Every structure is written in C-alpha cells, then in structure tokens.
Amino acid sequence: MEAPRRKSNRGLVARLVLMTAGSFAFGFALVPLYDVFCEVTGIGTRAELSRAATADASAPDVNRTVVVEFTASVPDNGSWEFAPVVASMEVHPGRLYEAHYTAHNLADRETTGQAVPSITPLRAARYFRKTECFCFTPQKFARDEQRELLVRFTVDRDLPPGIDRLTLSYAFYDVAHVAGGAG
Amino acid sequence: MAHGNEAAGHGNHDGPPKGLVRWLTTTNHKDIGTMYLVFSLAMFLIGGLMALAIRAELFQPGLQFVNPSFFNQLTTVHALVMVFGAVMPATVGLANWMIPLQIGAADMALPRMNLFSFWLLFFAFMLLISTFFVPGGAPAAGWTLYPPLVLQTGTAFPMAIFAIHMMGASSIMGAINVIVTIVNMRAPGMTLLKMPLFSWSWLITAYLLIAVMPVFAGGVTMLLTDYYFQTSFFNAAGGGDPVLFQHVFWFFGHPEVYIMILPAFGIISEIIPTFSRKPIFGYEAMVYAIASIAFLSFIVWAHHMFTVGMPLAGQLFFTLSTMLIAVPTGVKVFNWTTTMWRGSLSFEPPMLFALAFLFLFTIGGFSGLMLAIAPADFQYHDTYFVVAHFHYVLVPGAVFGIMAAVYYWLPKWTGHMYDMTLAKWHFWLTAIFVNVLFFPQHFLGLAGMQRRIPDYPTQFTDWNMVSSIGGFGFGLSQLLFVWVIIRCVKGGQRATAGVWDWPHGLEWTVPSPAPYHTFEKAPELH
Ligand code: HEM
Ligand SMILES: [Cu+2]
C-alpha cells in the first residue's frame, strides 16, 4: 500500500474511533439527559418526587373533588408487610391531607427500608405535592416492629381539568439489598 | 476450502499457507469473508436447534420437555445468537468478500484488524454459549436484557456482558474497516454514485453501527456497575430508573434492526436487476432511501415502549415518525418492482429468494405499521403478534437476503455452479415452511397469546401445532442448504467469470473462483 493512502487511512480511522468514543459517551450522557427531559416535559424527575414541597393550603377549591388512590408494592428483595391504611380518599385541590401506610418487618433482624414513590397518570405528577413523607428518609425497623408511616400532601389547584383520579404508589425496598447486586 | 490453490497463476504472490495455519493467520479479505460466513452458518444451525427446542415445547400446552427457567434461557440465547451470531456476521462476511471486488480494491483497508475482529467475535460466542454450562444457566431475561430481571442472572451475568462487549467491539472494527475501504480504496473512476448498491448499503450500515453499538456497550456497562459496584443507574431503590435502560437499549435496538436489514436491501438491489436483465430502476432514489431510513431509525425507538407509559405527545410523535419509515421503504419496494417491469425475468435460486423477500418482507412491514399505532400496540405488545412481525422481517427478510446472496455469489467463490434443482427444492421448502411457521403466530398474538412463555391456554393449541410443524420443516430444510453448499465447494460444473446471463459490476470481471489476489492493479472503469 502506498504511503499517502496509508496516511489517509490512518486519519480516517482516527476520526472513526473518535466517533465511536463519542457514541459511547453519548450513551452515558443519556442518563442526565433523561432527567432533564422529564423535567422539561413536566413528567417530574425522580429526585423531585422524593423531595419535600411547600404547599400553600390557604384556599382549597371545594367545588372540585379528586380521588387519590394508594397502592403499595414490595419488590422481591424485601420481607415486609407493607400496605396503605385506606385504599383511597376524596380530596379537594389545595387542601392539606394526611394518609398512612403500615409496614411490618418480617425479617428476623433489624432492617432499613426505603420507599420510592410514583404518581400516575404521569402528567399529574407535578401537581401532587408532598410536604412530609416517610419516603424522604430511610426508615429503620427493629426486628418484628410494626408501625404506621405518614405522608402529608396536597393536590395543586392547577391540576388539569381532565384528571379526576390519581394513584400514589410506593415500592418499599430493603436498603441492605439494594446495593448487593444479585439479591 | 472455497478456493484451493487457484492463486498459482499469480507469479510474484504466494498462495495461502496450507492447513489450519492459513485460517489462523490470514489477512486476506476472501479468507476472512469465508470464515465469517462459515461461522454465521454454524451459529444459524445452533440458534436453530434452540428454536426447535422452543417449538417442541410449544407444540402442546403444558410442560413437556424443558422447565420454564431453561425455556427462558433458550429464548434469550436463541435471539442473541441469531441476531449477533448469525445475521450480522453473515453480512460482515459478505462485505468482506464482495466490497473489495465490487469497488475494485485489492483487499480491505485494515486487514489485520479484520482478522482480529473475526476472532474476537468467535470467542465472544464461545463465551456466550458456554453460559449454558455454568451454575444457574444462561441469561434468561430476554435478548433485551431489561433490568431489574436481568440483574437476577447468576454466574452467567458477567460472561454474557463481556461477550456482548467483545462482539460489539468486533462489529465496530468491522464497520470502521468497511468505511475506510469504501472511502479510500475505490478504483479510480468509481465515484460514490457509481458504486454498487450492496456496497452502498454497507457503507450506511457501518455508520449506523458506529453510532449505536457504543451506546449499547454503555448500557450494558451500566448494568454491570449496577450489579457489582452499587451504582443505581437502573435501580429505583437507589434513585435510578429501569425505564432508562429501555430507552438506552432501544436507542440502539431500533437502528440495530436496520443494521440487519440494510445489507439485505443492498443484496436484493443487486439480484433483481441481474435476473430482470435491466439496470436497477431509480438508482439514486435507492441510495437516498437507504440514507433516509438510516436517519429515521434514530428517532423512532420508543415505539417499543408505548405500554411503558408516556405522554400523549410522545405517543403521537413515535407513532408518526415510525410510520414515516414506511415512505422510503415503500420507495425501495416500488423500485424493485419497477425494475422487473418489462424485464426478461428468469427464476434462478437467487431470484426466487429475492422475490420471496419482496413479498414476505412487505408483510412484516405491514404488521410493523399496525404495531406503530400506539393505541393498537397496547393490545399487541408482548404477544405473538410482535413475534410474528419481527420474524417476518428477519427471516424471510434478512435471512432470505443472505441466502439469496449466497446463491448469487457462491459460483464466484467456489468456481463451481451448484445443483440448481436441489437449490430450488431448498427454496420452495424454505419459503413454504417459513409461512407455516410464522403466519399462524399473527393469529395467536391477536387472540392474546403472550410471548416468552413455555405454556399456554388450550385454545391456542391448534395454531401452535401448525407453527411447530412449520418450524421443524423449516429447520430440516436448512440441512439441504448446507448440503448444496458443501457439494458446490467440492465440485460441479465450472463457473464462467460472468456466471449469470446478465452480469453487471466488477465482481463478474474476475475469473471464477475469484483468484486469491484480485485488483492488485486497479481496474479500468469506463
Ligand atoms: C416499516 C417498518 C417497521 C415498522 C413500522 C416496525 C414497527 C415495530 C414496532 C412498533 C415494534 C414494537 C412492537 C411491540 O413491542 O409492541 C416492532 C418490534 C420489532 N421489530 Fe419492527 N418495524 C419495522 C421494521 C422492522 C425491521 C426491518 C426489522 C428487522 C429487520 C424489525 C425488527 C423488529 C424486532 C426484532 C422487534 C421486536 C423487538 C423485541 O421486542 O424483542 N422491524 N417493530
Ligand atoms: Cu423498532
């Protein structure tokens, strides 16, 4: 192979390798981009869902009633009983409410749980505000301990008119197993 | 193998070394092409055996032969082997053999890297298949490797991820090689818009590979760190999101399906003109169609995720962008058909496969359009309807394209004509059984049978039986394919340089079999 061609091959290979590296980096860039995208479109970031919000509860819209349903799930890495105390509530947008879940540690040791919330429909997520929630911090349970967990929330008055039903769902993970890989 | 010592005539060049050493050390594009093709055929048969085990289990409801966990291992590894071990390496093998011959180059631009990427691929698959023998068995979370399920894989997990990294690196190297060869090594006068469509399709495929393979590599690397290093990319408990993996996977996964089909488009665009004895209709439109398909393939990925939940605007966007792909695809089908219009057709085996491709791939395109409609997809998703769709585009699509290519160029590789009668038998058996195998799966899916399950309600029994019979018929017919190839390598009527009645393109100007070294001096183009 003549020298000039070999040189131009080398240049092209270098550019293509650079493109490959760029694509690889792009794969990782998708991680923050995903959050940005969720924020911009109002789906709500995961961090936001687990963060306390302030709520102005001065003037509830008593003419409007929205049903909030509560569900719970325990991924297979935890051994808990975990359930909402009531299955649903009727609420007026703008008023502050309290709801409870109960959890019972079935593992024969002290365990720490972390609840991860989610709201459906997705586009309602940013209108659901938690001022206080057991999901904001890890929850420690003694062996066989059972207790109630509190969430305090409001539904924003700007909730789009089409939505009359929201579901708040928690998955309750055993923190010790989260990091462990093949749990 | 394919080309004994035919290079003897080339005074100043030695032929290949004898025996095994030749295959371990060769940097000749024809040898490497042959190795890729043989490897791919072996993987096709191994993946096929897994498919037959699946179809045997599904012949009747209830559990007969395999337990559910092994069944899941079979579906997962079957798909990985077929996608990354059979279809992709076959097209790489064809690229190695044919691109230098089509553009008048002496070899691929980076011959040593070429050899390395083949062996990397080989060991990747040895590693992947060996996972069947480790504790816990092979990966069983599906070829899409969704977390959190895939994170429950046992010993096989790091092996499978490493295998994916290796085969990814191998295909990226292959892609770089193709691009450098096409950009820098074309014979003088072979402008880009004179280049045969097979080479064109591969040039674009290679860019797709470079763009998305590394994203997949990144995604599985994140799985790996989630598994071992407590990162939480996809772990909801740690603040991650499993849905993110689906986005990463399909950002790769949808272009990947075009990586498998574009070379087949190129092949069909070579074969239909030859056996219609007419140049391709709308050459430039064909090039632009491939390019637009490649571009669109980047903006449709979430059509695999309609049921995961996304805003209405998202559903609309991905429905419409997906349907847009049907436009350039329609252009291609139209141009292939128009090429045949008033041509003087003949029906040798490559043409038969190309025609079957045209009809059956189009069926797969139509079911794709149905799936692209978000509200309809809520019903179809994860049913056998999806299985029917992707098998129609992949088997009578990509695989028929590859078989057509083998029957088209085999005389050029071996210097012998193959047994046309047997090859036609192979065609008819394959074409009939592929429909018996996959068509009923549309009905099963519409009736609600889920994919990836070893057992099913009894009302699905009849069509499953039909499908399984088709499966075994299809599988057995492929033995005929192997037999035709072996016989053609061993001997047969001597092939002329042109082989076919109306050969067009540089590959038909060199003798058959193609000498070990070709176009050492660039050919003259008129
Ligand atoms: C007009 C062209 C096409 C359209 C509109 C289309 C559309 C779709 C849609 C919407 C799905 C998702 C279905 C679901 O999971 O519910 C799908 C799945 C799939 N398609 Fe296509 N498709 C097209 C062409 C192709 C081609 C050319 C190939 C491959 C050569 C292909 C391979 C696949 C595969 C492998 C899957 C299933 C992936 C999985 O879930 O495991 N498709 N297609
Ligand atoms: Cu797709």
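Just so you know, these numbers come straight off a predicted model, no measurement behind them.

Rules of the game
- Residues numbered from 1 in each chain as written.
- Chains lettered and ligands numbered in written order.
- Predicted model: local features only at pLDDT ≥ 70, side-chain atom pairs only at ≥ 80, totals over all residues.
- Heavy atoms only, no water.
- Domains from an automatic or database assignment.
- Pairing = 2+ DSSP bridges.
- Helix = DSSP H or I, 4+ residues; strand = E, 2+ residues; numbered from the N terminus.
- Axes fitted to C-alpha atoms, helices over the stretch in contact; angles between N-to-C directions.
- Contact = heavy atoms within 4.5 Å.
- Salt bridge = Lys/Arg side-chain N within 4 Å of Asp/Glu carboxyl O.
- Polar contact = N/O pair within 3.5 Å; in protein donor to acceptor, adjacent residues only side chain to side chain.
- Nonpolar A, V, L, I, M, F, W, Y, C, P; charged D, E, K, R; others polar.
- Donors = N, O, S within 2.8 Å, 3.2 Å for Na, K, Ca; no water.
- Buried < 20%, exposed > 50% of the residue type's maximum accessible area, 1.4 Å probe, protein only.
- Near = heavy atom within 4 Å.

Quick word on the domain arrangement of chain A
Domain boundaries in chain A define domain 1 (1-41) and domain 2 (56-178). Here the C-alpha centroids of domain 1 of chain A and domain 2 of chain A sit 43 Å apart.

Considering the sheet that holds strand 6 (residues 128-133) of chain A
All names here are of chain A. Reading across the sheet, the four strands line up as 2-4-8-6 and stay open at both edges, with antiparallel pairing between neighbours. At either margin of the open sheet sits one strand with a lone partner, and together these are strand 2 (80-84) and strand 6. Sheet twist, expressed as the mean angle between neighbouring strand axes with direction ignored, is 25°.

Brief notes about the interface of chain A and chain B
Between chain A and chain B, the residue contacts involve 30 residues of the former and 39 residues of the latter. At the junction of chain A with chain B, the criterion picks out zero salt bridges. Between the two partners, chain A and chain B, sit five residue pairs in polar contact (both at pLDDT 80 or more). Looking at the side of chain A that touches chain B, the elements with two or more residues in it are helix 1 (3-40) and strand 5 (111-120) of chain A. Considering every element that reaches the side of chain A that touches chain B, the biggest residue donor is helix 1 of chain A, with 17 residues. Broken down by class, the residue content of the side of chain A that touches chain B amounts to 19 nonpolar, eight polar and three charged.

Observations regarding the coordination of the copper ion (ligand 2)
All names here are of chain B. Protein ligation of the copper ion (ligand 2) involves His254 (ND1), His303 (NE2) and His304 (NE2), the donor distances falling in the range 1.9 to 2.0 Å. Read in sequence order, the donor residues for the copper ion (ligand 2) give the motif H-x48-H-H. Taken as an interatomic distance, the gap from the copper ion (ligand 2) to the iron atom of ligand 1 is 4.5 Å. Residue classification places histidine 303 among the buried residues on the basis of a relative accessible area of 13%.

Concerning the site of ligand 1
All names here are of chain B. Taken together, 22 residues lie near ligand 1, and Trp143, Asp377, His381, His389 and Arg451 sit nearest. Between tryptophan 143 and ligand 1, the recorded distance is 2.8 Å, taken from a side-chain N or O atom to an oxygen atom. Contacts to ligand 1 include aspartate 377, whose side-chain N or O atom sits 2.5 Å from an oxygen atom. Sorting the residues of the shell around ligand 1 by element identifies helix 7 (242-276), helix 11 (349-372) and helix 13 (384-414) as the ones contributing at least two each. For the shell around ligand 1, the element with the highest residue contribution is helix 11, accounting for six residues. Across the shell around ligand 1, the residue classes break down as 13 nonpolar, seven polar and two charged.

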